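Residues per chain, in single letters:
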Amino acid sequence: MPMLYPFADFNVLSQLSDGTATLMSGRNALRVPWEIGRNNEQHKTEYEIDLLYERYINPNFGVFTGARLTNISGTENRALAGFWYRLPYLFVVTANVGSTGDFRFNIGRTFQITPRFSVNARAQYDTQQIWELAFGAEYMLTKRLSLSTAYHTDYGFGAGLGFRF
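Predicted model only: the values in this text are computed from it and were never measured.

Caption draft 1: Structural context of the pairing of strand β10 (residues 130–140). Note that strand β9 (residues 117–126) and β10 share 10 bridges and pair antiparallel. Considered in β10, the bridge of Val119 is made with Ala137. Linkage of β9 to β10, two consecutive antiparallel strands, is achieved through a turn of 3 residues. As paired elements, β10 and strand β11 (residues 145–152) share 7 bridges and run antiparallel to each other. For Ala137, the partnering residue across the bridge sits in β11 and is Thr149. Counting the residues between successive antiparallel strands, the hairpin from β10 to β11 contains 4 residues.

In C-alpha cells:
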C-alpha cells in the first residue's frame, strides 16, 4: 500500500477563506481548492470548490479532472479538465475547460522576500466571470501559522490568519 500524505494550506481572512487541501500518493493527488467570500455588491456569500484528481507528469507539468461546485451568479456546477505548467521563474499557469464550454486561464506567483515574509499575485481570466485579480502578503509567525492580508477584485481587502499542516 503506497503512503498517503495529507497536507493543507489555507487562509481565513475577514472577507474570504481560500486554500487547498491535498491527499497525495506518488504522482497522484486528490485536491480540494476552495474560495469562499462575501460579495458586498450582491450581499451574499459566494463559494467555488473544486474536487480534483491530479496526475503529476513531471515536476513542472500535471493534468487534472474533476468537478467545480459553485453558487456564483451566472455560473453552474460542472465537470472540468485541465493542466498546470510551471514556467521559468516559478510562475504557474493553469488552464481548464468546463463541461459547459467555459474556459479558465490562471497565472500566479509567490515571491519570497525574506525567510518569513512573502507576497503573492494571481490573475485569472474566465469566459463566464471575465477578469479576476488577487494579491496579498504573508508573514510567518511559526511554520504552521502566519499573519495574512489579501485583496481580491470580487471580495475586497481583508486580513486574518494563514494555516499550514
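Caption draft 2: Geometry of the pattern of salt bridges. Enumeration according to the criterion identifies 8 salt bridges in this entry. The salt bridge involving Glu35 is made with Arg122; its shortest N-O contact spans 3.3 Å. One end of the pair, Glu35, is in strand β3 (residues 28–39); the other, Arg122, is in strand β9, and 87 residues separate them in sequence. Glu35 gets classed as buried once you look at its relative accessible area, which sits at 10%. By relative accessible area, which is 23% here, Arg122 ends up partly exposed. With its nearest N and O atoms 2.8 Å apart, the salt bridge here joins Arg104 to Glu48. Residue Arg104 is located in strand β8 (residues 103–112), and its partner Glu48 is located in strand β4 (residues 44–58); the two are separated by 56 residues in the primary sequence. Just as Arg104 is buried, Glu48 falls in that class too. Among the charged side chains, a salt-bridge network with shared partners connects Glu35, Arg122 and Glu132.

Caption draft 3: Structural context of unusual backbone geometry. Backbone geometry at Tyr89 places phi at a positive 65 degrees, although glycine is not the residue there. As for its position among the elements, Tyr89 is in the loop between β6 (78–86) and β7 (92–98). Residue Tyr89 is classed as exposed on the basis of its relative accessible area of 69%. Positive phi, normally seen in glycine, also occurs at Leu90, with a value near 65 degrees. Counting through the fold element by element, Leu90 comes out in the loop between β6 and β7. Overall, Leu90 belongs to the exposed group, its relative accessible area being 52%.

Caption draft 4: Inspection of the side chain of Glu54 at higher detail. By the element assignment, Glu54 lies in strand β4. Here the side chain of Glu54 touches Arg31 through a polar contact of 2.7 Å, side chain to side chain. At 3.4 Å, the side chain of Glu54 and the side chain of Tyr56 are in polar contact. Residue contacts for Glu54: discarding those within four places in its chain leaves Arg27, Asn28, Ala29, Arg31, Val63, Phe64 and Trp84.

Caption draft 5: Just the sheet that holds β4, in detail. Read around the barrel, 12 strands follow the order β1-β2-β3-β4-β5-β6-β7-β8-β9-β10-β11-β12 and close on themselves; strand pairing throughout is antiparallel. Here the strands of the sheet are splayed against their neighbours by 20 degrees on average, with no regard to which way each runs. Here β8 pairs with β9 via 9 bridges, running antiparallel. Within the sheet, the bridge partner assigned to Arg109 lies in β9 and is Ala121.

Analysis parameters
- Residues numbered from 1 in each chain as written.
- Predicted model: local features only at pLDDT ≥ 70, side-chain atom pairs only at ≥ 80, totals over all residues.
- Heavy atoms only, no water.
- Pairing = 2+ DSSP bridges.
- Helix = DSSP H or I, 4+ residues; strand = E, 2+ residues; numbered from the N terminus.
- Salt bridge = Lys/Arg side-chain N within 4 Å of Asp/Glu carboxyl O.
- Buried < 20%, exposed > 50% of the residue type's maximum accessible area, 1.4 Å probe, protein only.
- Polar contact = N/O pair within 3.5 Å; in protein donor to acceptor, adjacent residues only side chain to side chain.
- Contact = heavy atoms within 4.5 Å.
- Axes fitted to C-alpha atoms, helices over the stretch in contact; angles between N-to-C directions.

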